[in-house]
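Per-entry structural report
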Amino acid sequence: MAHHTTWPTGNPGDDRSSARNMLRVARSFGVGLVCVLGCSLALAQDMAGAKDHPAIKRFAGSSIVAYDVKQFDTVDIPTSTFVKFNLSAGKREFALPPAVAEGRRTRIWYEAPGETSSVAVFRNYATELTAEGFTLLYDSTKDTKLGRWNGYLNSFSFIKAPLATNRSQFVLTGAALSGINTLSAKREREGLVTYVHLVTVQWDKPNVTFKAQRGAYVALDVVDVGSLKQDMVSVSASDMSKA
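Please read these numbers as outputs of a predicted model, since none were measured by experiment.

Description of the side chain of Arg105
- Following the sequence through the fold, Arg105 ends up in strand 4 (residues 99-113).
- Among residues more than four places away in sequence, those in contact with Arg105 are Asp68, Val69, Lys70, Asp73, Val75, Asp221, Val222 and Val223.

Encoded structure:
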């Protein structure tokens, strides 16, 4: 039996025309949606040349907005509560002297835009690090003084050499104190010692001045402990004359 298409009330030609118009609108919407998704993906691209540290995963949906690697550096790894920011020294001071990690240092800032909260990102990292064999040396969520750390974020403005970033150098410094979460961790595996220091902050709304998106930001330092390579050489006068 042949199938007959029954159009709604009114002139069939008009209904077919309306259907075609609706299809065009749907197609246009689809193209627009693809464009929006494409633009969102483009905005979420990592900085050129940036990549995750091989031992540390990133929070889903986040992208790298600042990146720097040094073959050898020293990093303070806090193991106790924050006391104050020393303006003269340009560094944080803690209740107990921090551990000092030396070796290859990877520094990454991640941006996790949208409804993501600082505490959600922090807990994901804490759980992941523990699962990967890291021991937490400090966890701010267990610190009763958290939230009263005036000056804690200042250290991100006192970096010896500004990081390459597509955000403001002050995108972390300008965040609210109430959104701070931080941890320190250490892992020894197959002869390699790795230290991690992580800070998460939150922006409740976009900020043009600091180029901040609504969402959470992560400052991650990873140090693969190692000795400084000696690169001292002797250069004679004859070598200089050949140059």
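What to know about helix 2 (residues 118-131)
- Between its first and last C-alpha, helix 2 extends 20 Å over 14 residues, near the 20 Å set by a 1.5 Å rise per residue.
- Those residues of helix 2 not exposed but buried are Ser118, Val121, Phe122, Tyr125, Ala126 and Leu129. One side of helix 2 carries all its buried residues, which in axial view fall inside an arc of 135°. Counted as exposed and oriented over 90 degrees from the buried face of helix 2: Arg123, Thr127 and Ala131.
- Looking at the packing, one finds that the buried side of helix 2 touches strand 4, strand 5 (135-139), strand 7 (181-189), strand 8 (192-203) and strand 9 (215-225).
- Gly133 lies just past helix 2 and shows a positive phi near 90°.

Re the pattern of salt bridges
- Tallied over the full model, the rule gives 11 salt bridges.
- Among the salt bridges present, the one from Asp73 reaches Arg105, with a minimum N-O distance of 3.1 Å. Placement of Asp73 in strand 1 (residues 63-77) and of Arg105 in strand 4 is noted, with a sequence separation of 32 residues between them.
- Residues participating in the shared-partner salt-bridge network are Asp68, Lys70, Asp73 and Arg105.

A few points about the sheet that holds strand 8
- Strand order across the open sheet formed by seven strands is 5-7-8-9-4-1-6, with antiparallel pairing between neighbours. Of all strands in the sheet, those bounded by a partner on one side alone are strand 5 and strand 6 (164-165).
- Relative to strand 4, strand 1 is paired through 12 bridges, and the arrangement is antiparallel. Across the sheet, the residue bridging to Lys70 is Arg105, located in strand 4.

Digging into the packing of aromatic side chains
- Across all of its chains, the model carries seven aromatic pairs by this definition.
- Between the aromatic rings of Phe82 and Tyr152, the centroid separation amounts to 5.1 Å while the plane-to-plane angle is 90°, which identifies the pairing as edge-to-face. One end of the pair, Phe82, is in strand 2 (residues 82-86); the other, Tyr152, is in the loop between strand 5 and strand 6, and 70 residues separate them in sequence. Grouping residues by exposure puts Phe82 and Tyr152 together as buried.
- Ring plane angle 85° and centroid distance 6.0 Å describe the contact between Trp109 and Phe156, whose orientation is recorded as edge-to-face. A residue pair is termed long-range when its members are at least 10 positions apart, and Trp109 in strand 4 and Phe156 in the loop between strand 5 and strand 6 qualify at 47 residues. Comparing Trp109 with Phe156, the two get one shared label, buried.
- Of the aromatic side chains, those joined through ring pairs into one cluster are Phe82, Phe94, Trp149 and Tyr152.
- The residue whose ring lies beneath Arg92 is Phe156, and the NZ or CZ to ring-centre distance is 5.2 Å.

Things to note about the pairing of strand 4
- Direction of pairing for strand 4 relative to strand 9: antiparallel, over a ladder of 11 bridges. Looking at strand 9, one finds that Arg104 is bridged to Asp224.

Thoughts on the environment of Asn207
- Positionally, Asn207 belongs in the loop between strand 8 and strand 9.
- In this structure the C-alpha to C-alpha distance between Asn207 and Val171, which are 36 residues apart in sequence, comes to 9.0 Å.
- Among the polar contacts listed, one links the side chain of Asn207 to the backbone nitrogen of Thr209, at a separation of 3.0 Å.
- Of the polar contacts made by the side chain of Asn207, one reaches the backbone nitrogen of Phe210; its length is 2.9 Å.

Definitions and limits used
Residues numbered from 1 in each chain as written. Predicted model: local features only at pLDDT ≥ 70, side-chain atom pairs only at ≥ 80, totals over all residues. Heavy atoms only, no water. Helix = DSSP H or I, 4+ residues; strand = E, 2+ residues; numbered from the N terminus. Contact = heavy atoms within 4.5 Å. Expected span 1.5 Å × (residues − 1). Buried < 20%, exposed > 50% of the residue type's maximum accessible area, 1.4 Å probe, protein only. Arc of directions from axis to C-beta. Salt bridge = Lys/Arg side-chain N within 4 Å of Asp/Glu carboxyl O. Pairing = 2+ DSSP bridges. Phe/Tyr/Trp six-rings, centres within 6.5 Å; stacked < 30°, edge-to-face > 60°. Lys NZ or Arg CZ within 6 Å of the ring centre and 35° of its normal. Polar contact = N/O pair within 3.5 Å; in protein donor to acceptor, adjacent residues only side chain to side chain.

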